[in-house]
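Chain by chain, the residues:
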Amino acid sequence: MQGFGPTIFAEMSALAARTGSLNLGQGFPDSDGPSSLLEDAVDAIRAGRNQYPPGSGEPELLAAVAEHQHRFHGLAVDPATEVLVTTGATEAVAASVLALCEPGDEVIVLEPAYDAYAAAIALAGGVQRSVPLRATATGFTVDADALRAAFSERTRLLLLNTPHNPTGAVLTAAELAVVAELAAAHDVVVVTDEVYEHLVYDGLRHLPIATLPGMAERTLTVSSAGKTFSVTGWKVGWLTGPADLVTAVRTVKQFVTFSGGAPFQPAVARALALPDAFFAELAGDHQRRRDLLCEGLRAAGFEVRVPAGSYFVVADPRPLGFDDGTQLCRRLPELAGVVGVPVSAFCTPGGEAAAEVRPLVRFTFCKRDAVLSEAVERLQRLRTH
């Protein structure tokens, strides 16, 4: 793990706390999730559900995840053998890589990428093969030629993330079809991080790659309660997929955390059964906040690519005279009393993707309206710098 220091999120959150700045860097909401979810957790605590839950997860949550996959995506999942509850999505991804990747195996990652992916690959002794997402005027897209060139006889896994952090891209059916074609041709397992599956905007729909022909048997799908229900600190995640792959991941997971979140698991199980109106309102509310932040960033002088999903907006400060996102983020508390995260922190240092996104900054919009309004007002100061 040499070369892996404190995460950029920890650094920027500490900077926000130290300077009293508004934290639009780390993606956690500043308000709690649905009251029914919170009350269900309280009831579970008072009912004594505070000891180790089963290693695979509480049966009601396993069943609820399976029903969720069928309800929203049409996927048939056996809760007894094809679902595993994890300590957040991060553990699900890490345990999958540790279970399926031998030292020297290659793992393809689309960059920018959530920083935990690189750490998991390093822990497994794997070799990361980075494929840069290409920035366009409207967003970020998969470069099919670059992706095709990344595969080799050593490729074991492909880590996918859609809706995507940090770019907000939602991979299209055509892009996913290319991934599926290449994964099948090279007999590669896809581990897909879909924690923002219910945060998709502008009438778009999230399409799990496991729904594509031939992909269910080679895909591990990861999600969690944290983003959907605004309880990121609960760390209740899960993965679904073929029984043999889930068994392999469970074998690793049992020696990492064994189990956790005892009173939270039954609460999340009930929340997954909330009516469609809840999930529609969730997306609509975040779309409105997205638009508020995008409008404010443009007014402050940034160029903005409007995200199709997730919690995040990628902003380009070059029109304001800044061409290094890392330097700007470290100065933003002083200049504007706001904290963001440089997009280059989501890339392999010195790599092609890092060079392409070097100027860019990620801001989160999963905050109260008053916080977002104050933040964009403060960012107006950059115009006079």
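Just so it is clear, the structure is predicted and the values come from calculations on it, not from any experiment.

Looking at the overall build of the protein
Link 1 in the chain: When you go through the protein residue by residue, the secondary structure sums to 13 helices and 15 strands.
Link 2 in the chain: Taking 385 residues into account, the globule formula puts the C-alpha radius of gyration at 21 Å, and the protein, at 20 Å, falls close to it.
Link 3 in the chain: Considered along the principal axes of its C-alpha atoms, the protein spans approximately 60 × 55 × 40 Å.
Link 4 in the chain: The 385 residues of the protein split such that 57% are buried.
Link 5 in the chain: Restricting to contacts in the protein with at least 6 residues of sequence separation, those with at least 24 account for 75%.
Link 6 in the chain: Here the protein displays about 15300 Å² of accessible surface, and carbon together with sulfur accounts for 53% of that area.

So, the domain arrangement of the protein
Link 1 in the chain: Looking at the assigned domains, one finds that the protein contains domain 1 (8-30 + 277-384) and domain 2 (35-274).
Link 2 in the chain: Just the C-alpha atoms count here: the centres of domain 1 and domain 2 sit 25 Å apart.
Link 3 in the chain: Listed per partner, the contact involves 32 residues of domain 1 and 41 residues of domain 2.
Link 4 in the chain: Summed over both sides, the interface between domain 1 and domain 2 buries roughly 2900 Å², with carbon and sulfur atoms accounting for 61% of that surface.
Link 5 in the chain: Area buried by domain 1 at its contact with domain 2 is led by Phe279, Arg305 and Phe346, which between them contribute 23% of it.
Link 6 in the chain: Where domain 1 packs against domain 2, one counts three salt bridges.
Link 7 in the chain: Across the pair Arg134 and Glu356 runs a salt bridge, and its minimum N-O distance is 2.3 Å.
Link 8 in the chain: Ranked by residues supplied to the side of domain 1 that touches domain 2, first place goes to helix H10 (residues 276-300) with seven residues.
Link 9 in the chain: By residue class, the composition of the side of domain 1 that touches domain 2 is 21 nonpolar, six polar and five charged.

Topic: the packing of helix H4 (residues 88-100) against helix H8 (residues 243-253)
Link 1 in the chain: Running from N to C, H4 and H8 cross one another at 105°; their axes reach a closest spacing of 8 Å. Classified by the angle between their axes, H4 and H8 sit roughly perpendicular to one another. In this structure, H4 contributes Glu91, Ala92, Ala95, Ser96, Leu98, Ala99 and Leu100 to the contact, and H8 contributes Leu245, Ala248, Val249, Val252 and Lys253.

Concerning a nonpolar patch on the surface
Link 1 in the chain: Together, Met1, Phe4, Leu98 and Leu123 give the surface a local cluster of nonpolar side chains, amounting to about 370 Å² of exposed area.
Link 2 in the chain: Counting through the fold element by element, Phe4 comes out in the segment before helix H1 (8-19).
Link 3 in the chain: Residue classification places Phe4 among the partly exposed positions, given a relative accessible area of 38%.

Brief notes about the sheet that holds strand S12 (residues 312-316)
Link 1 in the chain: Overall, antiparallel pairing links the four strands, which are arranged S11-S12-S15-S14 in an open sheet. The sheet terminates laterally at strand S11 (303-305) and strand S14 (341-342), the two strands that pair on one side only.
Link 2 in the chain: Examined bridge by bridge, S14 and strand S15 (residues 361-364) share two bridges and lie antiparallel to one another. Across the sheet, Pro342 pairs through a bridge with Val361, a residue of S15.
Link 3 in the chain: Each of S11, S12 and S15 is contacted by H10, which is oriented at about 10° to S12, the strand it contacts most.

Overview of the layout of surface pockets
Link 1 in the chain: The computed volume of the second largest pocket comes to approximately 400 Å³.
Link 2 in the chain: As for the second largest pocket, its lining consists of 16 residues, of which Phe72, Glu197, His198, Arg205 and His206 are closest to the centre.
Link 3 in the chain: Residue assignment for the lining of the second largest pocket shows that the elements contributing at least two residues are helix H3 (59-73) and H10.
Link 4 in the chain: For the lining of the second largest pocket, the leading source of residues is H10, giving four residues.
Link 5 in the chain: Of the residues belonging to the lining of the second largest pocket, the class tally is eight nonpolar, four polar and four charged.

Some points on the pattern of salt bridges
Link 1 in the chain: Within this structure, the stated rule accounts for 22 salt bridges.
Link 2 in the chain: The partner of Arg148 in a salt bridge is Asp145, and the shortest N-O contact between them spans 3.5 Å. With Arg148 and Asp145 both in helix H6 (residues 144-150), this residue pair falls three residues apart, about one helical turn.
Link 3 in the chain: The partly exposed category is assigned to Arg148, whose relative accessible area is 38%.
Link 4 in the chain: A salt bridge links Arg289 to Asp285; the nearest nitrogen and oxygen atoms lie 2.6 Å apart. Of this pair, Arg289 and Asp285 are both found in helix H10, four residues apart, which corresponds to roughly one turn of the helix.
Link 5 in the chain: Exposure remark for Arg289: the relative accessible area of 12% places this residue in the buried category.
Link 6 in the chain: Within this structure, Arg134, Asp143, Glu352 and Glu356 form a network of salt bridges that share partners.

Quick notes on the rules
- Residues numbered from 1 in each chain as written.
- Predicted model: local features only at pLDDT ≥ 70, side-chain atom pairs only at ≥ 80, totals over all residues.
- Heavy atoms only, no water.
- Helix = DSSP H or I, 4+ residues; strand = E, 2+ residues; numbered from the N terminus.
- Rg over C-alpha atoms; globule rule 2.2 N^0.38 Å.
- Buried < 20%, exposed > 50% of the residue type's maximum accessible area, 1.4 Å probe, protein only.
- Contact = heavy atoms within 4.5 Å.
- Areas by Shrake-Rupley, 256 points an atom, 1.4 Å probe, with all protein chains shown as cover.
- Domains from an automatic or database assignment.
- Buried area = accessible area lost by both parts, 1.4 Å probe.
- Salt bridge = Lys/Arg side-chain N within 4 Å of Asp/Glu carboxyl O.
- Nonpolar A, V, L, I, M, F, W, Y, C, P; charged D, E, K, R; others polar.
- Axes fitted to C-alpha atoms, helices over the stretch in contact; angles between N-to-C directions.
- Parallel < 35°, antiparallel > 145°, perpendicular 65-115°, else oblique.
- Patch = residues over 30% accessible without salt bridge, like charges linked within 9 Å, V, L, I, M, F, W, Y side chains within 5 Å.
- Pairing = 2+ DSSP bridges.
- 1 Å grid on protein atoms, 1.4 Å probe; cavity = no way out; pocket = protein on both sides within 12 Å on 5 of 7 lines; lining within 4 Å.
- Points joined across faces, edges and corners; volume = space filled by probe spheres on them.

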